[in-house]
Number of protein chains: 2
Amino acid sequence: MKKLINRTEDVLAESLDGFATAHADIVTLGTDRKFVQRRSLKPGKVALISGGGSGHEPLHAGFVGHGMLDAACPGQVFTSPTPDQMLAAAQAVDTGGGVLFIVKNYEGDVMNFAMASEMAADMAQGPVATIVTDDDVAVETSTFSTGRRGVAGTMIVERLVGAAAEQGRDLDALAAYGKVVNARTRSMGVALTSCTVPAAGKPTFALADDEMEMGVGIHGEPGRRRVKLATADAIAEEMMGAILGDLSPKAGQQVLLLVNGFGGTPSMELYLMCNAARRILAGHKLLAARCLVGPYVTSLEMAGCSLTVSLVEDADLALWDSPVHTAALRWGV
Amino acid sequence: MKKLINRTEDVLAESLDGFATAHADIVTLGTDRKFVQRRSLKPGKVALISGGGSGHEPLHAGFVGHGMLDAACPGQVFTSPTPDQMLAAAQAVDTGGGVLFIVKNYEGDVMNFAMASEMAADMAQGPVATIVTDDDVAVETSTFSTGRRGVAGTMIVERLVGAAAEQGRDLDALAAYGKVVNARTRSMGVALTSCTVPAAGKPTFALADDEMEMGVGIHGEPGRRRVKLATADAIAEEMMGAILGDLSPKAGQQVLLLVNGFGGTPSMELYLMCNAARRILAGHKLLAARCLVGPYVTSLEMAGCSLTVSLVEDADLALWDSPVHTAALRWGV
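Just so we're clear, the structure is a prediction, and the values are computed from it rather than from any experiment.

Things to note about the domain arrangement of chain A
Residues and elements named next belong to chain A.
- Under the domain assignment used here, chain A contains domain 1 (10-183) and domain 2 (185-328).
- The C-alpha centroid of domain 2 is placed 22 Å from the C-alpha centroid of domain 1.
- Listed per partner, the contact involves 47 residues of domain 1 and 44 residues of domain 2.
- Counting each side, the surface lost to burial between domain 1 and domain 2 is near 3,600 Å², with a carbon and sulfur contribution of 64%.
- Sorting the residues of domain 1 by area buried against domain 2 places Phe78, Val137 and Arg159 first, and these three jointly supply 17% of that buried surface.
- Here domain 1 and domain 2 share two salt bridges between them.
- For Arg149, the salt bridge is made with Glu221, and the minimal N-O distance between the two is 3.7 Å.

Here we look at the sheet that holds strand 5 (residues 99-104) of chain A
All names here are of chain A.
- One open sheet holds the six strands; their spatial order is 1-2-4-3-5-6, and the pairing between them is mixed. The open sheet has two edge strands with one neighbour each: strand 1 (27-29) and strand 6 (128-133). Adjacent strand axes in the sheet meet at a mean angle of 20°, parallel and antiparallel pairs treated alike.
- Summarising the sheet, strand 1 and strand 2 (residues 36-38) pair through three bridges and their orientation is antiparallel. Directly across from Val27, in strand 2, lies its bridge partner Arg38.
- On top of the sheet, helix 1 (residues 11-22) reaches strand 1, strand 2, strand 3 (47-54) and strand 4 (71-77); it is set at about 145° to strand 1, its chief contact.

A short note on the side chain of Asn105 of chain B
Residue and element names in this part refer to chain B.
- In this structure, Asn105 sits in the loop between strand 5 (99-104) and helix 3 (107-122).
- With a relative accessible area of 12%, Asn105 lands in the buried category.
- Within the local environment of Asn105, its side chain forms a polar contact with the backbone oxygen of Thr146, the two atoms lying 3.0 Å apart.
- Sequence-distant contacts of Asn105, that is, excluding residues within four places in its chain, are made with Val110, Val132, Thr133, Asp134, Ser145, Thr146, Gly147, Arg148, Arg149 and Gly150.

Things to note about unusual backbone geometry
- Residues Glu57 of chain B and Pro58 of chain B are joined by a peptide bond in cis, for which omega reads 10°.
- Turning to its location among the elements, Pro58 of chain B is positioned in the loop between strand 3 (47-54) and strand 4 (71-77).
- In this structure, His60 of chain B follows Leu59 of chain B across a cis peptide bond, with omega equal to -5°.
- Position of His60 of chain B relative to the elements: it lies in the loop between strand 3 and strand 4.
- Notably, Arg33 of chain A is not glycine yet its phi reads approximately 55°, a positive angle.

Things to note about the packing of helix 7 (residues 267-283) of chain A against helix 1 (residues 11-22) of chain B
- Where helix 7 of chain A meets helix 1 of chain B, the axes come as close as 7 Å, and the angle between the chain directions of the two elements is 70°. In terms of orientation, helix 7 of chain A and helix 1 of chain B fall into the roughly perpendicular class. From helix 7 of chain A, Met268, Tyr271, Leu272, Cys274, Asn275 and Arg278 of chain A reach across to helix 1 of chain B, where they touch Val11, Leu12, Glu14, Ser15, Asp17, Gly18, Phe19, Thr21 and Ala22 of chain B.
- Here the residues of the contact of helix 7 of chain A with helix 1 of chain B are counted per class, giving eight nonpolar, four polar and three charged.

Some points on the packing of aromatic side chains
- A complete count under the given rule lists six aromatic pairs over all chains for this structure.
- Considering the side-chain rings of Tyr271 of chain A and Phe19 of chain B, the 5.1 Å spacing of their centres and the 70° angle between planes classify their relative orientation as edge-to-face. Taken as a pair, Tyr271 of chain A in helix 7 and Phe19 of chain B in helix 1 lie in two separate chains rather than in one.
- Using a relative accessible area of 8% as the deciding quantity, one classes Tyr271 of chain A as buried.
- Residue Phe19 of chain B is classed as buried on the basis of its relative accessible area of 6%.

Observations regarding the relation of the copies chain B and chain A
- For the pair chain B and chain A, the relating rotation is 180°, the translation along its axis is 0.0 Å, and the fit reaches an RMSD of 0.0 Å. In the structure described here, the two chain copies are related by an operation that fits a two-fold rotation axis. For chain B, the smallest separation between a C-alpha atom and the rotation axis is recorded for Gly264 of chain B, amounting to 2.0 Å.

Examining the pairing of strand 11 (residues 287-294) of chain B
All names here are of chain B.
- Among the eight residues that make up strand 11, six are buried, leaving the element largely enclosed by the rest of the structure.
- Pairing analysis gives seven bridges linking strand 10 (residues 254-261) to strand 11, with the strands arranged parallel. Pairing of Leu258 across the sheet is with Leu292, part of strand 11.
- A crossover links strand 10 with its parallel partner strand 11, the connecting element being helix 7 (residues 267-283), and its sense is right-handed.

Criteria and thresholds
Residues numbered from 1 in each chain as written. Chains lettered and ligands numbered in written order. Predicted model: local features only at pLDDT ≥ 70, side-chain atom pairs only at ≥ 80, totals over all residues. Heavy atoms only, no water. Domains from an automatic or database assignment. Contact = heavy atoms within 4.5 Å. Buried area = accessible area lost by both parts, 1.4 Å probe. Salt bridge = Lys/Arg side-chain N within 4 Å of Asp/Glu carboxyl O. Pairing = 2+ DSSP bridges. Helix = DSSP H or I, 4+ residues; strand = E, 2+ residues; numbered from the N terminus. Axes fitted to C-alpha atoms, helices over the stretch in contact; angles between N-to-C directions. Buried < 20%, exposed > 50% of the residue type's maximum accessible area, 1.4 Å probe, protein only. Polar contact = N/O pair within 3.5 Å; in protein donor to acceptor, adjacent residues only side chain to side chain. Parallel < 35°, antiparallel > 145°, perpendicular 65-115°, else oblique. Nonpolar A, V, L, I, M, F, W, Y, C, P; charged D, E, K, R; others polar. Phe/Tyr/Trp six-rings, centres within 6.5 Å; stacked < 30°, edge-to-face > 60°. Least-squares fit on C-alpha atoms with pLDDT ≥ 70 in both. Right-handed = clockwise from strand over helix to strand, strands pointing away.

So this is what it looks like as C-alpha cells:
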C-alpha cells in the first residue's frame, strides 16, 4: 500500500484536522471530531446534515457551508458514522428550524441515521426529516444496499436543497423538494482500477489489465458486470443509455450534467467523457444547461468516473446558481 | 494502459472540446484549438498568456478567466505548444495593453515562448514581456530544464499577477511583480507512482512497491533520489525543510500554502499532508494565511503531491482574495 499517511489508525483524524484548519473560514470541527459544522449558522434555517463513510471526499465535509450543508458526519473509511455523531451534529446546528438528514442508500447509513432520528425524538430535540438518495441505476440491490445505491447525485440533492434552505423554505417543503430532486437524478459509474482502504492495506478488488467494472459502486463494490475495457464513447453510451432509459426525459428538457472522477482519474479524461456525454445528450435533444466536471464523490484513488444527469427547470437552475461557499463548491461569494 | 479515451491521437482535441463546452460561460476555443481564451476580454488590460504541455490540468486552461489568464496554449501531453499557438493567442487577446507570457522553466517552453515573442516583435504586435517561473527547489538542473523547474508555484504567479492585471497595472509593473512573486515562491514534490502518457502507452518510470521519488518533476522526471516510502510526516519534513531552507523566511511571516495533488492522490491524503505542513510552518513561527488543497498542477494520474510555500504581505493577500472566475479557481463571482 502506497499512501501519504502516518499510522493507519490516525488517517481520518489527521485528515479532518488538516481540512478544518485549511478551511477555518468556513467550518469548525465538533468535539471528538464527531462532525464538521458550518462556522456561521443561520438562526431559524432548517439545518441540513449528511454523512457517511470517509474516502468519498469532498463529499460530504467539503460541501459544508453557505448554500449546502450545515454539518457532515464522517465515519471511518467506507464505514457508516455512528448515531451519536449524527445526534451531536443535530444538537449543534439546529437553530430552531428543524433538521433534515440527507442519507445515501446504504444499509449502515440508513440504519444509523434512523436511530439518530429516534434518539432526537426521545430527547425532544425538534423535528427531524430524512431524504434517502438512490440515484445509481447500475444495480437494483447490491452488497451494501437494499434498493438502488445513493452515489454522486447526492451532491446535487445537497446543493439544490441547501440553496432552497438558505432561502428560508421549511422542513416539510425541503424534504419534499429533496425527494423530487432525487427522483429526477440518475447516475452510473465505471471503474478501471480498484482503491485501497488504508486499514485493509490491499486493493478492495482485482481487475485484469484489460478489464473494467461497469456499474461499480463508490466503495468499489460490484456493478453490472466485469468486461473488457472499451472506448470512452462506448462507455459513455452504455452509462448514458441506462440513465436516460430510466429517466425518460422529454426532448428539449434541460439537465445538469455531472462528470465525476473517482479520485485517480486525470482531468483530461473527465473532460473527454464530458464531451462524449454532451454529444449523447444532444442526440436526445437534451440541453446540458450546467456541467460540473471533477472529483466530487470519490472512492479514494480509484480510476474511473460516474455520469449523473439531473432533470432541471429554470427554478432549479436559479437555486443551483445562487451563492454557495464550501471547500469544494464555491461561487457568488 | 487503462484510460477513458478513444483514439490516443484524439485525446487532447476531445478533452479541449469537452472543457470548452463545459465552461462556455468563461472560455472559448481558438481556431484549430490553438489556445483557450477568456470569453470576455477587458479592453486595455495587459493580456496574460501561459501554456505548456497538457497533462497538468487544470494548469493552464483551467485558470483562464477573470482575475487570472487571458489565454492558455495547450501542447500535446508533456510537450511544449508551438510558437504559432502563442502568437495566435497573443493576437487574439491583446486589447492594447500588451502581452505578458508566463512560462514554466522547461527548455521547450522557454524556447518556443521566446520565438513567439520575436515573431510578435517582427509583426509589430505590441509589447511582449515574459516571466519564467522556477519554483522547484528539488534539483538545480534536470532532464528538461537548465536551472530550476517551474512547477505548482506557477499557479500562484498566475493568480497574483492576474489579479494585479485586473486592477489595471501596466506591463512593466506586472512583469516586475511576477518576478518578485516567483522569487518568494518555492515548491517540492514527491511521487508514489508513475503516470502513463497516452501516446507512450506505458508508465514513464517504474517504482518498486516500497519506493518513492523524492523531488519528482511534474512530468515524472527524476528528482533528488529514489528512496523507501516514508511516513507523511517525514515526507513533509524533508520537503518543507528544503523549501524553507531556500526561502529563509523571518519568524511571523505570512505565507500561502499550496498542497497540490498530482492527479491520483485521494483528498484525504492531501489534507493529511496539509496538516503536517501547517504544523511545520507553525514550528517556524510562520502563519499559513491561506491554504489551497487539491489537484491544481497535475501529472496525469500520478500519485503523490507537492508542497508550495509563497511568502506574502497583506497587499498580496488582498490580490489573492479579489474576485476570480475560472474553471478551477473561483470566488467572489
